[in-house]
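So the chains spell out like this:
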Amino acid sequence: MTSTEEKPRRTRLISGPGMLLVWLYGVMVVGAVSRSAVQISTEFDKAPLAYSLSAVAGLVYGFITYSLVRGGETARKAALVCCAAELAGVLTVGTWTLVEPSAFPDATVWSDYGMGYLFIPVLLPLSAMYWLRKARTTADG
């Protein structure tokens, strides 16, 4: 790289609505990880699948939060893939809890499409995917 060439700037993902997404994902990280840590350490035998899924949700939320803060095209793509996986998980677990409630003796973060979390688990990935796609077109244009 010569002195006249500039290093490409990392796409900023936490401006405007992106900052709200970081805040909401941060809250979800704390909620999901705290909830699952307590449940796994105190009553794992009661509902191991539900508590493990809540822990996975917390890890997914954490990675998305990190990716949004990190910024850049690679982080944007990784966050987009994670948001799609998160949405698939919410829809799968949400439907599963309605069709076969006995499979979940206790709720997960994604049970009933996140009803226990004001449906934020189903709305958040949709909002994030929209923002991440918009961030790409803004950076390209």
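About the criteria used
Residues numbered from 1 in each chain as written. Predicted model: local features only at pLDDT ≥ 70, side-chain atom pairs only at ≥ 80, totals over all residues. Heavy atoms only, no water. Helix = DSSP H or I, 4+ residues; strand = E, 2+ residues; numbered from the N terminus. Buried < 20%, exposed > 50% of the residue type's maximum accessible area, 1.4 Å probe, protein only. Contact = heavy atoms within 4.5 Å. Areas by Shrake-Rupley, 256 points an atom, 1.4 Å probe, with all protein chains shown as cover. UniProt positions renumbered as here; feature names shortened; annotations may be inferred. Patch = residues over 30% accessible without salt bridge, like charges linked within 9 Å, V, L, I, M, F, W, Y side chains within 5 Å. Salt bridge = Lys/Arg side-chain N within 4 Å of Asp/Glu carboxyl O.

**Q** Sorry, what's going on with the overall build of the protein chain here?
**A** Along the protein chain, the regular secondary structure elements total 4 helices and 0 strands. Along the protein chain, from the amino end to the carboxyl end, the secondary structure elements read α-α-α-α. A buried classification covers 40% of the 141 residues belonging to the protein chain. When contacts within the protein chain are restricted to residue pairs at least 6 apart in sequence, those whose partners lie at least 24 apart make up 69%. Accessible surface, the protein chain as shown: approximately 8,000 Å² in total, 67% of it carbon and sulfur.

**Q** I would appreciate a short explanation of the UniProt feature "transmembrane region" (unreviewed entry) in the protein chain in the present structure.
**A** Here, UniProt's "transmembrane region" (unreviewed entry) annotation points to residues 20-38, 50-69, 78-99 and 114-132. End C-alpha to end C-alpha, residues 50-69 measures 29 Å, and it is 100% helix and 0% strand.

**Q** Please clarify how a nonpolar patch on the surface should be interpreted in this entry.
**A** On the surface, a cluster of nonpolar side chains totalling about 380 Å² of accessible area is made up of Met115, Phe119, Leu123 and Leu126. Along the chain, the position of Phe119 falls in the loop between helix H3 (73-99) and helix H4 (120-140).

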